[in-house]
Amino acid sequence: MSEWITLIFNGLSLSSIILLTSLGLAITFGLMRVINMAHGEFLMIGAYMTYVIQELFKTYLPHSVLGLYYPCALVVSFGITFLLGCALEKAVISRLYGREIDSLLATWGISLIFQQAARSIFGTQGVNVTAPDYLSGGLTVGACTFSYNRLFIILLVLVCLVLVWLMMYRSNFGKQMNAVMQNRPMAQCMGINSRKIDCMTFGLGSALAGVAGCSLALLGSIDSTIGQNYIVQCFITVVLGGVGNLIGSVVGSGIVGGSTIFVQHYTSSMIANAVVLLIIILFLQKKPQGLFALKSRQLDE
Amino acid sequence: MKVKCIIPAILAFAMCLSLISCGSGAKETTSSGGETVTVGLLHSLTGSMAISEEAVRDAEVLAINEINAAGGVNGAQIVYVEEDGASEPSTFATKAEKLIDENKVKTVFGCWTSSSRKAVKSIFEEYGNLLWYPVQYEGMESSSNIVYTGAAPNQQIVPAIEYLVNQGYTKFFLMGSDYVFPRTANEIINAQLADAGAEVVGEEYADMNQTDFSSIIAKIEASGCDVIVNTLNGTGNVSFFKQIAEKNYTAEDYMTMSFSIAEEEVTTIGADILKGHMVSWNYYETTDTAANEAFVTAYKEAYGENRVTSDPVEAAYDAVYLWKAACEVAGSFEPEDVIAAMESTEISYEAPEGTITIDGESHHCYKKVRIGVVNDGGLIDEIYATPDAVKPDPYLTSYGWAAEVQPLS
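Residues numbered from 1 in each chain as written. Chains lettered and ligands numbered in written order. Predicted model: local features only at pLDDT ≥ 70, side-chain atom pairs only at ≥ 80, totals over all residues. Heavy atoms only, no water.

**Student:** Would you mind showing me how to read the side chain of Q210 of chain B here?
**Tutor:** In this fold, Q210 of chain B is placed in the loop between β7 (199-206) and α7 (214-223). Among the residues examined, Q210 of chain B registers a relative accessible area of 10% and is labelled buried. Polar contacts involving the side chain of Q210 of chain B include one to the side chain of S269 of chain A, which spans 3.5 Å. At 3.0 Å, the side chain of Q210 of chain B forms a polar contact with the backbone oxygen of D212 of chain B. (Helix = DSSP H or I, 4+ residues; strand = E, 2+ residues; numbered from the N terminus. Buried < 20%, exposed > 50% of the residue type's maximum accessible area, 1.4 Å probe, protein only. Polar contact = N/O pair within 3.5 Å; in protein donor to acceptor, adjacent residues only side chain to side chain.)

**Student:** I tried to follow the interface of chain A and chain B on my own but got confused; where do I start?
**Tutor:** Between chain A and chain B, the contact holds 33 residues from the first and 32 residues from the second. Both faces considered, chain A and chain B share a buried interface measuring about 2,600 Å² in area, 42% of it formed by carbon and sulfur atoms. If you sort the residues of chain A by the area they bury against chain B, T124, Q125 and M270 of chain A come out on top, with a joint share of 19%. In this structure, the salt-bridge partner of E246 of chain B is R150 of chain A, at a minimum N-O distance of 2.8 Å. For the pair chain A and chain B, the interface holds 21 residue pairs in polar contact (both at pLDDT 80 or more). It is helix α1 (residues 2-31) of chain A that contributes the most residues to the side of chain A that touches chain B, four residues altogether. Taken together, the residues of the side of chain A that touches chain B sort by class into nine nonpolar, 22 polar and two charged. (Contact = heavy atoms within 4.5 Å. Buried area = accessible area lost by both parts, 1.4 Å probe. Salt bridge = Lys/Arg side-chain N within 4 Å of Asp/Glu carboxyl O. Nonpolar A, V, L, I, M, F, W, Y, C, P; charged D, E, K, R; others polar.)

**Student:** Just checking my understanding: could you explain the environment of V405 of chain B for this structure?
**Tutor:** In this fold, V405 of chain B is placed in the segment after β15 (380-385). If near-sequence neighbours (up to four positions away) are discounted, V405 of chain B is found in contact with M140, E187, I188 and A191 of chain B.

**Student:** Please explain the pattern of salt bridges as it appears in this structure.
**Tutor:** Note that side chains of opposite charge can pair when their charged atoms are close. All names here are of chain B. Using the criterion set out here, one finds 25 salt bridges over all chains in the structure. Among the salt bridges present, the one from R57 reaches E82, with a minimum N-O distance of 2.4 Å. With R57 in helix α2 (residues 50-69) and E82 in strand β2 (residues 77-84), the pair connects residues that are 25 residues apart, well separated along the chain. With a closest N to O distance of 3.4 Å, K247 and E221 form a salt bridge. Here the residue K247 occupies a position in the loop between α8 (235-245) and β9 (255-258), and E221 occupies one in helix α7, the gap between them amounting to 26 residues. By relative accessible area, K247 is classed as buried at 10%.

**Student:** What is the right way to look at the side chain of E89 of chain A in this model?
**Tutor:** Note on placement: E89 of chain A falls in helix α3 (residues 69-91). Not counting residues within four places of it along the chain, the set of residues in contact with E89 of chain A comprises S94, Y97, R195, D198, C199 and F202 of chain A.

Spelled out as structure tokens, the structure:
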């Protein structure tokens, strides 16, 4: 029994990590159709920001408030990656709309620049974040132990999902965003500043990656390649879920995370990687548009 | 059109300039001190392995500077040419050939991963040059053109497992990264444990970049093991130990014995998480010898107080001194003379870890084995050491149980 609970919790936990890392990409790639290879580097920046804030707290503030560094890091990571994302959109991405292959190359180049910058600033040696007291250790119930930071990540992803959903479907900005993504000329005719919307949307996607990076910092070491470890998985999740659909990404990450943990449990982690990819390939053969295909009257769909 | 031609021209000119300055950089040091001998350093200064290899390279440079300050080798000052293997075995191969063929180096100190060593092995054999390899590895190899100054399996893995069995551990869980060292090491450990009557209750491999260890930890819990033999490498160690700590497990619940965690890794992972866990090496920063005191002081003076020395760092430092000793016995710098000297006379050096001697037959070194425990301060305390230096046995021929782990010839 406890084995099953642990298995389900691990599956849920991995799914939530995958969802958190790919939520931003679901917006930049899913909605905006920018093949954003630099998404992983926004994760990296978020993770490094957590480290920087931790060090600042350690150096300048009394030990008693050290635990507050983490919420502070979440906010700062969100802000910094949002601004960087906006700047990137203005400088590079905005010139490449409709040229998906070019945006792939350009963002890949940008990801290399970010990685090298991280190596120059922080060195090649990985850095490490110590979880604040309230997130270290775990909650033991019977024979199962649920670690606090995994519980926290599940909570964080729920909060992010609710906020993104509210913003996309219940706010004025969200309506404008959907309008621009679905039919740009028509939205422009309605007086929507589509350039501003593009910029904000890309910034938001990047900022979500920054928050995800913050949570990754709790799980392992931070180095310049951390983004590269996640980027493929993020694309797989978004493509599997169906491009342009947030619900798709939620279900997609559930499938990828759940099946990875399940197959790993009965075989080994190496086989699990292969099996999960195989399942996805077979699935996309049947439904090339992904789980939740966007129904649209546009001719290019 | 003209502008387009000018830019490449400027670039080409700049490249020529930088090449010239590189060349003259090496020559400058040549002209300063009369007779010189050129050696090569070949490590990854970029890429994923740079983390580990930079420290090793620093130790080699320190040894070279010390030797030069003390008058050099056979009256000649050592000049080194440095190349970057970029964590890529094929780059190692091209750079090794360049060092030997173009720079005419007399020997090369280099490599860390087994794959990079295997990539350059045939080149050193073909040119009859000599490589000094400073890292513990999986064994099952010997070449007359390589000297291995790190541990062979019987100088690290086998005694560690023996120690665990003697301590009363009976249920072993083997966990490692998925590449040649952990796979070979675990093959050896399986054979050894079967012979000792202990049980292997699980064997798991993780991808090099894996960050989620929840499945493996669940399997460890289910296996009921009393000790984990850890051959994870690189960032996997950080993730694994963080994630086992977040489940409230300490060394008292699951003891681990690690073969890739030295002082440097302890600093990254954090002593609070690692304290109480066991490791096995030939050298620790805390090793109590006069030579080590001098070495640690010199290393910290050269590279900063917060730097730590570790087994591979020390083995790399020793390599330069062993080469010096071999050249002095040979009375020559030519690789074939140095190799002949090593094979006919016992070359030894008073290293920080104690006296190490090159075994002329296998080209490995006699080394003491030390089991250590990570302490609160992030250093490693020795809890057991073999009384004498252990004879290297890369093919484990002196162990009856190792008959089936021999490589295919």
